[in-house]
Each structure stands twice: as structure tokens, then as C-alpha cells.
Amino acid sequence: MVPPFRPRLAVLFLMFGSALVLAQSPGETALAQLILDIGKQRLAGHPLALPEGVDPRYSKRLEDVSERRFAEEARTLAGFDDRLKAIDRATLGPALKTDAEILFRQLRDRQAELRFRAFETPLGSREGFHFEISALPDKYNFDQVAEFDEYIAKLQSFREHAAQNIALLRAGLKSGRTLPKDVLGGYDEPVAALIVDNVDDVKESLLYRPLINVPAAFPTADRERILRDGTAALRDSVMPGLRDFLAFLRAEYLPGARATLGVSALPDGEAFYRHRILMHTTLPLSPREVHETGEREVARIRAEMEQVIRRAGFKGTFAEFIRFLQDDPRFTVDTEEKYLQAVALAAKRMDGALPRIFSLLPRTPYGIRPMPERIAIRQSAGYYDSGDAEGTRAGFVNINTSDIRARPLYVAESLAFHEGVPGHHFQIMRTRENTALSDFRRRLGITVFVEGWGLYAERLGREVGFFQDPYNDFGRLTYEIWRAVRLVVDSGVHALGWTRAQAIAYMAENTGFKIGPSTAEVDRHITEAGQGLAYTFGMIKILDLRKRAEERLGPKFDLKAFHEAVLGNGALPLDLLDLEVTAWIETTAKAGQQK
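Here we summarise the structure given alongside this text. Because the structure is predicted, anything quoted here is derived from the model rather than measured.

1. Observations concerning the overall build of the protein chain
Piece 1. Across its full length, the protein chain holds 24 helices and 5 strands.
Piece 2. Over its C-alpha atoms the protein chain spans a radius of gyration of 25 Å, differing by no more than 12% from the 25 Å that the globule rule assigns to 595 residues.
Piece 3. In terms of its C-alpha atoms, the protein chain occupies a principal-axis envelope of roughly 70 × 65 × 55 Å.
Piece 4. Relative to its full complement of 595 residues, the protein chain shows a buried share of 56%.
Piece 5. Expressed as a percentage of contacts within the protein chain between residues at least 6 apart in sequence, the contacts between residues at least 24 apart total 77%.

This is the structure we're talking about:
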């Protein structure tokens, strides 16, 4: 979401890049107004219309995902695109040129998603409106009446939202754009688990829990209304919507899903996959180039892993070492709490080391918590929920503790560093708190930058004393090869004819993951084509820039200053990041020559 900028005294002042820019030229004024209009459009979103007679307090309804909405969105984006193309970028300053280019790519990518009708597959192995409704209580603090009103509005509109999703999925069945049948085994089970047995007693639903603890400080009329309308919404909208979806899944979608696996089998599938590669990596790569890069990275990391195995004094093969790690009880725990403690200890130790490698730290605190059980079985090892830069909400590292015996302790450090600090929490909250950047730049979430930084952050542990133990170092390499394997698996499945079993076997063989986590990983990349490519390509670019800086600057190289050059402009596409850091390298080199 891009919040709108506010005009003042008929002159638009825009906070772009690192400087306050007075919009004076026609191009600057036009870009300012365009971003203002896009911000308004994104802020408004596409909520379902409020039915006649419904309390206006319940206006913040779920998203409209009808065919009509997507057609309207396509027309709106085309208009924005025309306006952007009409701006003479030669009249813009450097910061504004960067923002114009990022905006151009955002519009291009979203228009491509609509053109390829990706909305006909609104589900994934870990994504979908049924997952979103189950996670809805986690989005609110429930300490204000307005939050309960918004929550109830979402519940009230769920059945209509579900019906629209079902219509999209039916269109996908007709056009051939469905999830592969291979990944849909048991897909109906999480949906069935959300449905209460007694439709008249919705108090059994996890979605009812916020209604149990409505603050006593609320006015009596509001407390009674919240309980009454929330209960009715669960009974009359959520439960019927879930039942409708479950019946559709079992009767139509699961039997009718396509027998093919990769997106290349979809209509215009080859072009769609190339689009996804570009969208997620910001690089114009072919599937073959992606595959070969992945194979090179896997070979490099495997060689490093072999060296660590020797350092550990183990005499057997790679496969035997993996079995040893899986079987030895010292590398696993038997409770969720013990695993969370291991991750938390690694994160806290890294907190103390951050000033050695960074000149500016985020103010926002973060916590560590278990991933909700209802989604953990289909999730990866962890994910990050961002905090609020104003201090109203901490960031959270969410750790997957399902099948706890399959979660090795030797990856706890890498997991903590990637999701917490110096990874996602550090980078995202540094950007959100950076008032020298515009709202537009502060809220950008360019995947290849964000995930590339997260993977680079894991490696930084070596520079501040972590991974001295060969098993933990092997864990670090396990996580690095895990991301490299994604390049091979993603391109193999979506462009090179790989089977699901082939991908799972390759994942398990090279990462040491057990079959359960390997299967979840592969299914994620089958259903989210291209997303997994971002990690390794982003890390490769940051490492390349660092190597160039070290070689160019020699003894003048300052790691803290390099990190500031990478992070200081927020998330960027890789080619624009290259330009920014290269400029910093040359400026620093010239300054050193003048002394």
C-alpha cells in the first residue's frame, strides 16, 4: 500500500530518496500527482460493497475478487501506465528517476499478472482465502471498538468473498488454470477443520475467540453489539461460506484439477513463467539460466559442506553424515519450547554483535513465537511479521514447530539470523523507520532484495563469531543450499519437465531435510512459481557488490559503510541497487584519493 501524499499550497513537496524534492518541472509535478492518485487507489483497495441496510460501521469488508473487479483494475492500471509513460524522465532528478522506474516495473508486473489471468488460481500450498480467514484474529490487537468492527465486517462478507473465489476457481477449471492434482492431496482437510460441527454453536470456532474477551472498558452497548453481530456473522456467513467451499473442493476442484505440474503447461505458460522469473528476480533470465545458476551454486555449497564434514571428523559419505545428524538425539529436541529457546538465544546473542557490523540499528523491538498450528504443516521453517515504525506493534519471528523431531537444532542460528536480525526484522524496520525516504520507498517490499538480504544476513554470522561449531556451520550451509536447490527445482518443474517426486528427491538429497519438510518445500514452489528464486539471486548480487567494493577500496573498505550503502535507499531492484552501490564505491574511492 502506498499512502497518498498531500498537496500543500498548490505545490507538491515529495519526500523521495534521501532529499526533500520541490516538484517544479512539469514532469516532477505529473509524477507527484500520479503517485498521489495511485496511493489513493491502493488505499481505497477493492472492498466488497456494503449491502443495503448493513450498519456502516461494518464497511471494511473483504476484498472484491470478481471478474468485473479485475477488469476494472486492468483499465485503471493501463491509465496509470499511460500517464507515467508521458512523463519526460530527463526532467527528473536522480531520486525521482529511480522512483519512476520502480513504479513503472510495479505497474508492468501487476498488468502482466492480470493479462495471464493468474487470479484464476487464487490458491497455493500455503496461500488462499481459507488460510487468510483462519489467520484473521492474528491481525488485530482487539483493544479498540473499531478493530472489532473491522473484524466483524470481514466475517460478515466472507460468504460473498468465498463465492467469488469459487467462481474464479471454476473459471480456472474451464481454462485449465488450476493447481496441479499432485499437490492437492488432503487440501480439503484444513477447510473441514475450520467448520464447527454444530452450526448453532459457533463458540467452538477459533474465530470466536476474540469475542470472548471484549474489553470491559468498552461501552455496554458496544460490547453487546460486538458479541451479537460477531456471533451472527460466524453463524450466517463464515460457516456457510466454508461449507460451500468444502463442497466445491470435494465435488469439483479436486477431481477436476490438471494432471500436469509446471506452469509452462498453462495457456501461455512459457511466457507466464518468464514473467514470473523477471517479477521475482528483477533480472531478464531464461529458465535455463536459472537452472544452471542453481546447479553451480549447489555444487559450490556441496563442496563446502564436504569440507565441514571432514572438519567434524566424520569419516563417512555425505548421505551417511545426513543420517547421522538425523538420528543423533543431540541435534533435536522434544518440545516446542526448547526449540524456541534455541532460536531466541541465537537471536539475542546476535543482538549484541550488531554494532560491530552496522552503524545504525532499528528501534522497533521484535519477538519470537511459534507459528499457528493450523498453518504450520504447510509452511516453511519460519516467516516474519513486520512491526510498526510508530512503536505500536513489535515485529515477530514466527517459527515452525510442527513435527518437532524433524526440526534440527543446528539450523537454529541461521533461522534466527534470516527472519530476525540482521535479516528481515533488521532490514525491513530500518527501512520503515528511515524518515529520509518517502512513504513510497519505505513500504516497498521487493522480494529479491528482501530475501537476498535475508540470505546474506545468515552468512554475516561468521563475521561476528558464530558457526564455530562444525555442525552449526553445516546448518548454515544447509540453509544456503536449500535456497540454491530452489533454483533447480523451480525451473526444473516449471520449464524442464521435472516430476514432483524428482523434485522432492533432489531437495531431500541435497539439503538433508526429511521427506515431510522436503515435500512442503517443493509443493510451495510448484504453487508459487518463481518466488523461491529471489533468495539466491539477491544474495549473489550483494556478495558481488561487496567483492567489487573490497577490491576497489582495498584497506579503505568499511563494512558498516557498505551495509549502509546497500540498506540506505530501501529495497531496490537488483540493477538499481547495483547503480546505487557502484556510485557509492566510486565516490568513496575518489574521496580516498583526494586525502
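2. Some points on the pairing of strand β5 (residues 395-399)
Piece 1. Counting buried positions along β5 yields 4 of 5 residues, so the element is predominantly enclosed.
Piece 2. Note: strand β4 (residues 382-385) against β5, 4 bridges, orientation antiparallel. Directly across from aspartate 385, in β5, lies its bridge partner phenylalanine 396.

3. Remarks on the packing of aromatic side chains
Piece 1. Scanning the model with the defined rule gives 31 aromatic pairs in all.
Piece 2. On the numbers, 5.8 Å between centres and 90° between planes, the contact of phenylalanine 148 with phenylalanine 218 is edge-to-face. Residue phenylalanine 148 is located in helix α5 (residues 145-156), and its partner phenylalanine 218 is located in the loop between α8 (209-212) and α9 (220-256); the two are separated by 70 residues in the primary sequence.
Piece 3. With a relative accessible area of 0%, phenylalanine 148 lands in the buried category.
Piece 4. The class of phenylalanine 218 is buried, set by a relative accessible area of 9%.
Piece 5. Look at phenylalanine 321 and tyrosine 471: their rings are 6.3 Å apart centre to centre, the planes differ by 10°, and that puts the pair in the stacked class. Highlighted residues: phenylalanine 321 in helix α12 (residues 318-327) and tyrosine 471 in helix α19 (residues 470-495), separated in sequence by 150 residues. The burial state of phenylalanine 321 is the same as that of tyrosine 471; both residues are buried.
Piece 6. Clustering of aromatic rings is evident, with ring pairs tying together Phe314, Phe318, Phe321, Phe324, Phe331, Tyr410, Tyr471 and Phe474.

4. So, α12
Piece 1. Residues Phe318, Phe321, Ile322 and Leu325 constitute the buried set of α12. Summarising the axial view, the buried residues of α12 lie within an arc of 100°, below the 170-degree limit, and thus occupy one face.
Piece 2. On its buried face, α12 is in contact with α11 (287-311), α19 and α20 (500-511).

5. Here's the deal with the sheet that holds strand β3 (residues 366-370)
Piece 1. The mixed open sheet is built from 3 strands, whose spatial order is β3-β5-β4. Because the sheet does not close on itself, it has two edges, and the strands there are β3 and β4. Sheet twist, expressed as the mean angle between neighbouring strand axes with direction ignored, is 20°.
Piece 2. Where β3 lies against β5, 5 bridges are found, and the strand directions are parallel. Within β5, the residue paired with isoleucine 368 across the bridge is valine 397.

6. Things to note about unusual backbone geometry
Piece 1. Of the consecutive residues valine 421 and proline 422, the connecting peptide bond is found in the cis state with omega at 5°.
Piece 2. Within the element layout of this structure, proline 422 appears in the loop between α15 (412-419) and α16 (424-432).
Piece 3. One non-glycine residue, arginine 117, lies in positive phi territory at about 55°.
Piece 4. Located in the positive-phi region is threonine 282, a residue other than glycine, with phi close to 60°.

7. A word on the nonpolar core
Piece 1. Ranked by size, the top nonpolar core spans 176 residues in total, and within it Leu31, Leu103, Phe245, Phe474, Phe562 and Leu577 carry the most contacts.
Piece 2. Residues contacting leucine 577, with those up to four places away along its chain left out, are Phe449, Lys541, Ile542, Leu545, Val566 and Leu572.

8. Quick word on the packing of helix α1 (residues 26-44) against helix α3 (residues 94-115)
Piece 1. In contact at an axis separation of 11 Å, α1 and α3 are set at 40° when each is read in the N-to-C sense. Overall, the two elements α1 and α3 adopt an arrangement that is oblique. Handedness of the α1/α3 crossing: left-handed. Here Glu28, Leu31, Leu34, Ile35, Ile38 and Arg42 of α1 come into contact with α3, specifically with Leu96, Ala100, Leu103 and Gln106.

Conventions adopted
Going along each chain's sequence as written, the residues are numbered from 1 onward. Whole-chain, interface and lining totals are the exception, using all residues; otherwise, since this is a predicted model, local features are given only for residues with pLDDT of at least 70 and side-chain atom pairs are given and counted only at 80 or more. With hydrogens and water excluded, all non-hydrogen atoms of the structure serve as input to the side-chain values. Comment: elements are numbered from the N terminus, with helices defined as DSSP H or I runs of at least four residues and strands as E runs of at least two. In this treatment the radius of gyration is a C-alpha quantity, and the globule benchmark scales as 2.2 Å times the residue count to the 0.38 power. Exposure is judged per residue with a 1.4 Å probe applied to protein chains only, and the accessible area is read against the type maximum: over 50% gives exposed, under 20% gives buried, and values in between give partly exposed. Between two residues, a contact is recorded if the distance between any of their heavy atoms is within 4.5 Å. Here, any two strands with at least 2 DSSP bridges between them count as paired. The aromatic pairing rule takes the rings of Phe, Tyr and Trp, using the six-membered ring of Trp, and pairs them if the centres are within 6.5 Å, calling planes under 30 degrees apart stacked, those over 60 edge-to-face and the rest tilted. Each direction from the helix axis to a C-beta atom contributes to the arc, which is the arc of those directions. Helix axes use the C-alpha atoms of the stretch in contact, all axes being lines fitted to C-alpha atoms, and the angles between their N-to-C directions lie in the range 0 to 180 degrees. Working definition of a nonpolar core: buried Ala, Val, Leu, Ile, Met, Phe, Trp, Tyr and Cys residues. They are joined through side-chain atoms within 4.5 Å. Throughout, the term roughly parallel applies to angles under 35 degrees, roughly antiparallel to angles over 145, roughly perpendicular to angles from 65 to 115, and oblique to all others. A clockwise turn of the near helix away from the far one marks a right-handed crossing, whereas an anticlockwise turn of less than a right angle marks a left-handed crossing.

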